[in-house]
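# Descriptive structure summary
Next come the chains, spelled out residue by residue.
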Amino acid sequence: MGKLFGTFGVRGIANEEIDPSFAYKLGLSFASCLKEGSVVAVGMDTRTSSEMLKCAAVSGLLAGGVEVIDLGVVPTPTVQFACRHFRTDGGLMVTASHNPAEYNGIKLLAPEGVGLQRADDARIEDVYFSEKFRRVSWDRIRPVRKENILPTYIKELMANIDSSIIRKKSPKVVVDCGSGAGCLLTPQVLRELGCRVVSLNAQPDGFFPGRNPEPLPENLGGLMQAVVATGADIGVALDGDADRCVTVDEKGSVVWGDKTFALVAADMLKAEKGLVVSSVATSHLVKETAEKNGGSYEATRVGELVIAKVLLDKKGLLGGEENGGLIFPGFTLGREGTLTAAKIIEVLCKSGMKFSELVDSLPKFYQTKTKVRGPMEKVGQVLSKIKLEGKIDRTDGLKAVFDDGSWVIIRPSGTEPLMRVFTEARTQQRAEELKSKYSKMVESLLNS
Ligand code: MG
């Protein structure tokens, strides 16, 4: 049986790989896996192809006897919130997240708004490929309910932030929405919380004219410049569906997600002890910070979905990965870019420091990331052949943690003929040593 879904949903070039007939069939397959009369919340991002694909997916859901709540253009976490708020049986978001403008895709959600897990994906794939759809008769077709959830969403989101401290400091914040779904709320939320907001790329536009929607340092030149030029205290950038958030300090340098994760975790754990969850590939800075502040910590396989599921099952406090965007399970079971930004700003205001000083106050960890290419058929064999010393962790790929706390993780790519080798250590030199040693080892096994 074929496979449709990647780590979270399905993505491809819009109107080629992901066309209306695909979206219709996927909607119908999803409906066929739910009970007739189930309710599904549907949202979309700002892409040119999103409305077209949403209409097709909604047709599929309706044909399968499912009732649809249409939320219009919203961030992915807003659909996740709506699943909880309206107690739906599922959710569907038309988005290609951080991918370039020509892409689109569909993310499917389970009750409570948690991303669909692999077993459910497989059931839907089974229906999709076998075409064993449930099509209801004309008299059992359900309606589409349009709901404007954003005012409620914004109100509930803001209730998670201590705005009194932000109001007192009134920090200057440059917000780069990247013309994605964040345009609909992020500048407004930060302004209402008491920030002086300068917005960039804050007009929804499916061509993403200002920058590539992925908040990577190479795409954030405009934001870095704007932060320095306006004398702002912090800059924040969101991705296309506003679930990820990356920050820039007052000097214009990008602050990566593991650092802001640690800052937010330390702050939240002061008020409430709980479980912090990230992946085995995330910096030990997060683990160390969580444990030092009286929290517990768990590392999962790589990927937002697994982290969200653990947070749901174990009633965790906070989760995330290094690429930015934290999961606040008390609010919604997916990464929430706007809330992440607001929380970082709250922590910054409480600290009384400049953002760069606050980041500098964290313990130092150095990382390296490499890819080693080799034939696909050998990629699978490397993990069984490789010999590592240290404490071995097989949660995802192969990780070895050494006596000095440094580590290496070796993981096959799910989609390309390559192995990823990440290392981390207390010094740059040690991280580089580990990188050189283990990437050479992987290379010789791949090419032997
Ligand atoms: Mg995203």
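For every chain, the first residue of the written sequence is number 1, and numbering continues from 1 onward in sequence order. With pLDDT at 70 or above as the cut-off, local features in this predicted model cover only qualifying residues; side-chain atom pairs require 80 or more to be listed or tallied, and sums for whole chains, interfaces and linings still use all residues. No hydrogens and no water enter the side-chain calculation; it runs on all heavy atoms of the structure.

Backbone hydrogen bonds are what pair the strands of a sheet, in a parallel or an antiparallel way. Paired strands are those between which DSSP finds at least two bridges. In DSSP terms, a helix is any run of H or I states spanning at least four residues, a strand is any run of E spanning at least two, and both are numbered starting from the N terminus. Across the sheet, 5 strands lie side by side as S17-S21-S20-S19-S18; this open sheet has antiparallel pairing. The sheet terminates laterally at strand S17 (366-373) and strand S18 (391-393), the two strands that pair on one side only. Each strand axis lies, on average, 15° off the axis of its neighbour in the sheet, ignoring direction. Strand direction decides the pairing type here: S18 and strand S19 (residues 398-401), joined by 3 bridges, are antiparallel. Residue pairing across strands places Lys391 opposite Val401, the latter belonging to S19. Note on method: axes are straight lines fitted to C-alpha atoms, helices fitted across the in-contact stretch only, with angles between N-to-C directions ranging 0 to 180 degrees.

Another point: the environment of Val401. Positionally, Val401 belongs in strand S19. Ignoring any residue separated from it by four or fewer positions in sequence, one finds Val401 in contact with His284, Gly390, Lys391, Ser406 and Trp407. Contacts: residue pairs with any heavy atoms within 4.5 Å of one another.

Before going further, it helps to spend a moment on the coordination of the magnesium ion. In this listing, donors mean N, O and S atoms no farther than 2.8 Å from the metal, or 3.2 Å for Na, K and Ca; water is missing from the atoms, so a site can look incomplete. The magnesium ion binds to the protein through Ser97 (OG), Asp239 (OD), Asp241 (OD) and Asp243 (OD), with metal-donor distances spanning 2.1 Å. Ordering the donors of the magnesium ion by residue number gives the pattern S-x141-D-x1-D-x1-D. Note on Asp239: relative accessible area 0%, which makes it buried. Only protein chains enter the calculation, and the probe is 1.4 Å; a residue is then buried if its accessible area is under 20% of its type maximum, exposed if over 50%, and partly exposed in between.

Summarising the element assignment, Glu424 is placed in strand S21 (residues 418-425). The charged-residue count follows a simple rule in which Lys and Arg add positive charge and Asp and Glu add negative charge, with His and chain termini not counted at all. Salt bridge criterion: a side-chain nitrogen from Lys or Arg within 4 Å of a carboxyl oxygen from Asp or Glu. Here Glu424 is buried and forms no salt bridge, its nearest opposite-charge partner Lys399 lying at an N-O distance of 7.0 Å. At 2.9 Å, the side chain of Glu424 and the backbone nitrogen of His284 are in polar contact. When near neighbours in sequence (up to four residues on either side) are disregarded, Glu424 contacts Ser283, His284, Leu285, Phe365, Tyr366, Gln367, Ser406, Trp407 and Leu434. For this analysis, a polar contact is any N or O atom pair within 3.5 Å, provided that within protein one partner can donate a hydrogen and the other can accept it, and provided that sequence-adjacent residues contribute only side-chain to side-chain pairs.

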